[in-house]
Amino acid sequence: MAINWLLQGGHQAQNREVISDQDKERREIIKECYCPNGHSILSDAGVFQGHHGLTLKLRNKSREGLLVISPIVGDNERLFIDFERVPGEIVEISCPTCDQPFPIYNACPCGAHLVALFTSDKAHFSKCVGVCQRLGCLHSELLSQRDLRLYNRQDYF
Ligand SMILES: [Zn+2]
Ligand SMILES: [Zn+2]
């Protein structure tokens, strides 16, 4: 079992979860989210069913603006502010406070990259939300320590 498990990416396969529409039923809300420098990106620039959205700065060669995404896990609602949206375009995603780009941690199935929005102020990849740099791509992932702990309990270490 160990060899196969390692080939499949080891613990990464265990704690990565692709978010789907059905996840909305869980009513799980992202209540904390930070840039690599520890700025909270939750703001009332966009409010979704009473919850503050995750606010991101988008930039390409010619323009910049804001994207606010719903903090409700599985909810694909997003709001573009001052940004002309060209579906399929790949943009840089950065912190609206300090401009630091969110780090790329993986490839998206669409061919672009996923960036990590940290759900703890430790800026650790084991606790983050992954969103795609391609406009119009709704692939997103949830990486959580809870799953990592579950896995620890299985005694592989
Ligand atoms: Zn920042
Ligand atoms: Zn994508």
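Further up the page is the structure itself.
No experiment lies behind these values; they were computed from the predicted model shown.

S.K.: Would you mind showing me how to read the overall build of the protein chain here?
M.R.: In terms of helices and strands, the protein chain carries 3 helices and 10 strands. Secondary structure elements of the protein chain, listed N to C terminal, follow the sequence α-α-β-β-β-β-β-β-β-β-β-β-α. A buried classification covers 26% of the 157 residues belonging to the protein chain. By sequence separation, contacts in the protein chain at least 24 residues apart represent 48% of the contacts at least 6 residues apart.

S.K.: Sorry if this is basic, but what is going on with the nonpolar core here?
M.R.: Taken as a class, soluble globular proteins show a tendency for nonpolar side chains to be buried jointly. Grouped together as the largest cluster of nonpolar side chains are 28 residues, with contacts concentrated most on C33, I41, L54, L117, V129 and V131. Put simply, the parts of the chain that give this core at least two residues each are β3 (51-59), β4 (64-69), β8 (113-118), β9 (128-132) and β10 (140-143). By residue number, the principal contributor to this core is β8, which donates 5 residues. Ignoring anything within four residues of it in the chain, the contact list for L117 reads C33, I41, L54, F102, C128, V129 and V131.

S.K.: What should I look at first to understand the sheet that holds strand β1 (residues 16-18) in this one?
M.R.: Whether parallel or antiparallel, the strands of a sheet pair through hydrogen bonds between backbone atoms. Strands sit in the order β1-β10-β9-β8-β7 across an open sheet of 5 strands; the sheet is antiparallel. For this open sheet the edge positions go to β1 and β7 (104-107), each flanked by a neighbour on one side alone. Looking at each pair of strands side by side, their axes are set apart by 30 degrees on average, direction ignored. One ladder, built from 4 bridges, connects β9 with β10; its direction is antiparallel. Within β10, the position partnered with V131 by the bridge is S140.

S.K.: When you look at the pairing of β7 in this model, what are you seeing that I'm missing?
M.R.: The two faces of a sheet get side chains in turn, since along a regular strand they alternate between them. With 3 bridges connecting them, β7 and β8 associate as antiparallel partners. Within the sheet, the bridge partner assigned to I104 lies in β8 and is V115. In sequence, β7 turns back onto β8 through a hairpin of 5 residues, with G111 there showing a positive phi of about 105 degrees.

S.K.: Explanation requested: the environment of Q49 in the structure shown.
M.R.: Structurally, Q49 can be placed in the loop between β2 (42-48) and β3. Judged by the 11 C-beta atoms lying within 10 Å of it, Q49 is exposed. Between the alpha carbons of Q49 and I72 there is a distance of 8.7 Å; along the sequence they are 23 residues apart.

S.K.: For this particular structure, what's the right way to read the pairing of β2?
M.R.: Where β2 and β3 come together, 4 bridges link them in antiparallel fashion. Bridge pairing in β3 links V47 to H52. Count of turn residues in the β2/β3 antiparallel hairpin: 2 residues, of which Q49 carries a positive phi of about 50 degrees.

Conventions used here
Residue positions are given per chain, counting from 1 as you read along its sequence in written order. Following the order in which they are written, the chains are lettered starting with A and the ligands numbered starting with 1. Where local features are concerned, this predicted model is filtered to residues with pLDDT of at least 70; where side-chain atom pairs are given and counted, the filter is 80 or more; whole-chain, interface and lining totals use all residues. Helix and strand labels come from DSSP, where a helix needs a run of H or I of at least four residues and a strand needs a run of E of at least two; each type is numbered from the N terminus. Here exposure depends only on C-beta density: within 10 Å of a residue's C-beta, 20 or more other C-beta atoms make it buried, 12 or fewer make it exposed, and intermediate numbers make it partly exposed, the C-beta atoms being placed from the backbone. A residue pair is marked as a contact if its C-beta atoms, positioned from the backbone, fall within 7 Å. Each nonpolar core consists of buried Ala, Val, Leu, Ile, Met, Phe, Trp, Tyr and Cys residues. Their C-beta atoms, within 7 Å, join them into a set. Here a strand pair is declared whenever DSSP counts at least two bridges between the two strands. Axes here mean lines fitted to C-alpha atoms, for a helix over just the part in contact, with angles spanning 0 to 180 degrees between N-to-C directions.

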